[in-house]
Amino acid sequence: MAANAEIPLDLYPTESDLPYEEEILRDPFKLKGWWRYLVARASAPFKKRSILYERALKALPGSYKLWHAYLRERLDAVRAFPITHPSYASLNNTFERALVTMHRMPRIWIMYLSSLTDQRLLTRARRTFDRALRALPVTQHDRIWPLYLKLVSLPGVPVETSFRVYRRYLAFDPSHVEDFIDFLLQSKRWQEAADRLASVLNDDGFYSIKGKTKHQLWLELCDLLTKHATEVSGLKVDPIIRGGIRKFTDEVGRLWTSLADYYVRRGLYEKARDIFEEGISTVITVRDFSVIFDAYAQFEQSALAAKLEAAEDDSDDEMDGGEGGKDGMEKLAKKLLEGCWLNDDDDTDLRLARFERLFDRRPELLNSVLLRQNPHNVEQWHRRVKLFEGDPARQASTYVEAVKTVDPAKAVGKPHTLWVAFAKMYEEHNRLDSAEEIFKKATQVNYKTVDHLASVWCEWAEMELRHKNFTKAIELMRQATAEPSVEVKRRASAEGNEPVQMKLHKSLRLWSFYVDLEESLGSLESTRAVYERILDLRIATPQIILNYAFLLEENKYFEDAFKVYERGVKIFKYPHVRDIWVTYLSKFVKRYGKSKLDRARELFEQAIEQTPAQEVKPLFLQYAKLEEDFGLAKRAMNVYDRAVKTVSDSEKLSMYEIYIGRAAEIYGVPKTRQIYEQAIESGLPPNDVKAMCLKYAELERNLGEIDRARAIFIFSSNYADPRSDPDFWKRWKEFEIQHGNEDTFREMLRINRSVSASFSQTHFILPEYLMQKDQKLTVEEAVDTLKRAGVPEDQMGALERQLAADPLSNSSINKDSSARAVSFVRGGVVEPESDTIKRAVANAEEIDLPESDSDEENIEIAQKSVPAAVFGELAKKAAEEKEGEDDGAGTKLGALERIKRQRQQ
């Protein structure tokens, strides 16, 4: 009774529990009954539920479902307590009891191990982890190891313990060596981390689970070796980093600075300086050079600053009286070696000189980097020479290195400029013999193009000219332009690679320079020989032809000059021959004028025949000028007539204007009528036709032919849209105001409207079925059709009313009137209409004018004198010749009467 009194009454089964109690009594080894009982008492206190779990597990100790649910509830129950609470001990005991039968269940182990880790029971947890790894199969160890690594990574865990655990883990899964390396780095175990990194890099089959490349791992190893140089041993740092430099070319600068930093940290400063120098002299990119140079400069600056600071400390110690004292032997040795430069510890000046020298060398070092990128870059070699300005010896050595290094076939730039600049350097120092020797070697180089070799020869000759060696300069040109012998050509062709020296004798640049020398220093015969040789080699240019001809003309060899022109026009085609023809024709006409007119005509005909239409206009004008000055006016007009038919369409208008102007001046203004009509009918563009018509109308107006001028206006109105060309209609209006009457003015307005309608982009044309008499058409269909045609509302309304009245009985008159109501525009020739139709379509705006009386008195017409320009120059000459002769009647006919009689004849 006393024992039962200690158990609270609420833990005993109640009346509602009796059905479940009876069920488990009937079958205590059935899980379903126990589980139904636990679910029914889900809201009961944990103590009561724990009693149920204990009773159930006593009956079913091998039930995973009961153990898992029981352990989860116990974990949830103790989670609110601190880890020192006694409930955790009871929890651990429960886990131990569960593992007696559940030691094959990884989930139970995970729950237990996580709880021990949270309780910070390191030793017990480590031993439990070992038990779990022994109890579970290897295939399930991957679920235990992450928790084990988490445990050994906690602060306070002995490092050696963590190392042993990680080593065991790597035996299970070697791919996680990077995690071990990170742990070693965090634990500052530099030696083992370096060894592990080196082994990883040596393993060709290694694959990083973190996505790191061999390049990144190599850089990490280099950083580790250099930053902890004194703490890592057993690895050959220098070969390792140099291997990285050879293998990873994109981080060369960083690896060189790492290697130098390694020696700096080990106190080997001279070795570090050698590494910096080696890196600067081997990198091939400006980025790597900048990295190394900046690190090198910082190293020298730090060394200088450290030395200055040490010197200040030593001076302070001396002023303090040498505290600490020294024995007699040291004082004696210092006294004996005082003043000896080998015993001088103060190398501040040397370090300062090194620092300054480094910055002075920077342009040279940078240029070396660019030349290592491309040793055949000619421009960089020139820049390198400029760096040594003021030091001829360095410049000469640089030129020697440049001409030995640069391959003309691979050169970027012009390699011959190196030889020329090298020779000019010796020339500036009055070493002509050395300069000539350099030029001689330069002429033997196999350049990429002939022009480079020709430039060397020309520069050599110019140097001789600067020093007044004229004969030698000409001799050099003769030597350069000499054609190689047949034996030399055969030997070169047998070798397969023909050098540029074989083609030098056809260099136009060389021959041009040679002919200039002969013109300035040689005789006429030698100069002509050079020109003839150029023509024989077929390398002449139009300018050379012109120069040769000018030379002959200056020396009064006119026929020979014309022969040169003839050869030029046979050699070249258009457009290159244009200047030769123009010069040839102008010189020939100027020289012979009228004396060789037939030959001049043949030359002009030949030139015109070879010249395209776009270029022929100046020749036609020059030809016509020849005929006007020395030939016949009729021939000149024929030339103009051919010109307007031959020139391009863009120049026809201007050519016609010239033609008309010359015809008016020679034959008189009436002669131009035929030309005007020809121009209008020749197919000119519409704007040009309109412009020509306006000029034609102005001519007729000045001649008093008002009707002809009006007819021209009417014809040209077809080319003038009133909306876009109001100037034309303004001029016609002014013409009618001045010379017309009311009828002509109305006709002009009618034509204006007609032309405006023809140019209009909107035409209301009725469909064909609306024009048929036997087609039945409803009002709605007609309205829809007109709407689609864009007819305004008022016009559609009128048509609708007309169709609604009698759509089938309307006559042709009504159809015509309705068509006019919608502004129908007729096309083509208008047929004559009957009087009835005419009256039906009579113009409501017509003005009734009084009929003129034919019996009125005759109106006197004022006459104007004909301008003198009408008759032209030939008419003037004829009038002067006939002056003084009697015409038989004693009176002279007027100019207008004579023109009329000539027209009648």
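Thresholds applied
Residues numbered from 1 in each chain as written. Predicted model: local features only at pLDDT ≥ 70, side-chain atom pairs only at ≥ 80, totals over all residues. Heavy atoms only, no water. UniProt positions renumbered as here; feature names shortened; annotations may be inferred. Helix = DSSP H or I, 4+ residues; strand = E, 2+ residues; numbered from the N terminus. Buried < 20%, exposed > 50% of the residue type's maximum accessible area, 1.4 Å probe, protein only. Contact = heavy atoms within 4.5 Å. Areas by Shrake-Rupley, 256 points an atom, 1.4 Å probe, with all protein chains shown as cover. Axes fitted to C-alpha atoms, helices over the stretch in contact; angles between N-to-C directions. Parallel < 35°, antiparallel > 145°, perpendicular 65-115°, else oblique. Left-handed = near helix turned anticlockwise from the far one by under 90°. Phe/Tyr/Trp six-rings, centres within 6.5 Å; stacked < 30°, edge-to-face > 60°. Lys NZ or Arg CZ within 6 Å of the ring centre and 35° of its normal. Expected span 1.5 Å × (residues − 1). Salt bridge = Lys/Arg side-chain N within 4 Å of Asp/Glu carboxyl O. 1 Å grid on protein atoms, 1.4 Å probe; cavity = no way out; pocket = protein on both sides within 12 Å on 5 of 7 lines; lining within 4 Å. Points joined across faces, edges and corners; volume = space filled by probe spheres on them.

As annotated in an unreviewed UniProt entry, the protein chain carries the name Pre-mRNA-splicing factor SYF1 and comes from Rhynchospora tenuis. Listed in UniProt under the heading Subunit (unreviewed entry), the comment for the protein chain reads: "Associated with the spliceosome." Here the protein chain is described in UniProt, under the heading Sequence similarities (unreviewed entry), as follows: "Belongs to the crooked-neck family."

(A) Main features of the overall build of the protein chain. From N to C terminus, the protein chain includes 48 helices and zero strands. Taken across its 905 residues, the protein chain has 39% of its residues classed as buried. Taking all contacts inside the protein chain whose residues are at least 6 apart in sequence as the whole, residues at least 24 apart take part in 55%. Summing over all exposed atoms, the protein chain offers an accessible surface of approximately 54200 Å²; the carbon and sulfur share of this is 51%.

(B) Representation of the packing of helix α10 (residues 159-172) against helix α11 (residues 177-186) within the structure. At a closest axis distance of 10 Å, the pairing of α10 and α11 adopts a crossing angle of 165 degrees. The angle between the axes of α10 and α11 places the two elements in the roughly antiparallel class. At the point where α10 passes α11, the crossing takes the left-handed sense. Residues S162, F163, Y166, R167 and L170 of α10 pack against V177, D179, F180, F183 and L184 of α11.

(C) Inspection of unusual backbone geometry at higher detail. At N430, a residue that is not glycine, the phi angle is positive and equals roughly 60 degrees. Relative to the helices and strands, N430 is located in the loop between α23 (416-428) and α24 (432-442). With phi around 70 degrees, K556 is a residue other than glycine that occupies positive phi space. Assignment of secondary structure puts K556 in the loop between α30 (542-554) and α31 (558-571).

(D) Inspection of the packing of aromatic side chains at higher detail. For the structure on display, the rule yields 38 aromatic pairs. On the numbers, 5.2 Å between centres and 70 degrees between planes, the contact of Y262 with Y263 is edge-to-face. Y263 matches Y262 in its accessibility class, with the two residues each being buried. Members of the aromatic cluster, joined through ring pairs, are F562, Y565, W581, Y584, F588 and Y592. Above the face of the Y557 ring, R528 is positioned so that its terminal group lies 5.5 Å from the ring centre.

(E) View of helix α20 (residues 362-373). With twelve residues, α20 should cover 16 Å at 1.5 Å per step; its first-to-last C-alpha distance of 17 Å lies within 8% of that length. Looking at α20, one finds that the buried residues are E364, L365, N367, S368, V369 and L371.

(F) Here's a closer look at the pattern of salt bridges. With the rule as written, the count across this model stands at 45 salt bridges. A salt bridge links R124 to E96; its shortest N-O distance comes to 3.9 Å. Of this pair, R124 sits in helix α8 (residues 122-135) while E96 sits in helix α6 (residues 86-102), placing them 28 residues apart in sequence. Here D707 and R710 are joined by a salt bridge, their closest N and O atoms 3.3 Å apart. Taken together, the residues span about one helical turn, with D707 and R710 both in helix α39 (residues 706-716) at a distance of three residues. Shared partners join several salt bridges into a network, and the residues in it are E270, R273, E300 and R354.

(G) Layout of the side chain of S455. Looking at the element boundaries, S455 is found in helix α25 (residues 450-466). Its relative accessible area of 3% is what places S455 among the buried residues. Residues in contact with S455, not counting those within four places in the same chain, are H416 and R509.

(H) Region of interest: empty space enclosed by the protein. Summed over the entire model, instances satisfying the criterion amount to one cavity of 30 Å³ or more. Looking at the largest cavity, its volume works out to about 50 Å³. As for the largest cavity, its lining consists of E178, I181, D182, L197, K212, L217 and E220. Residue assignment for the lining of the largest cavity shows that the elements contributing at least two residues are α11 and α13 (214-227).

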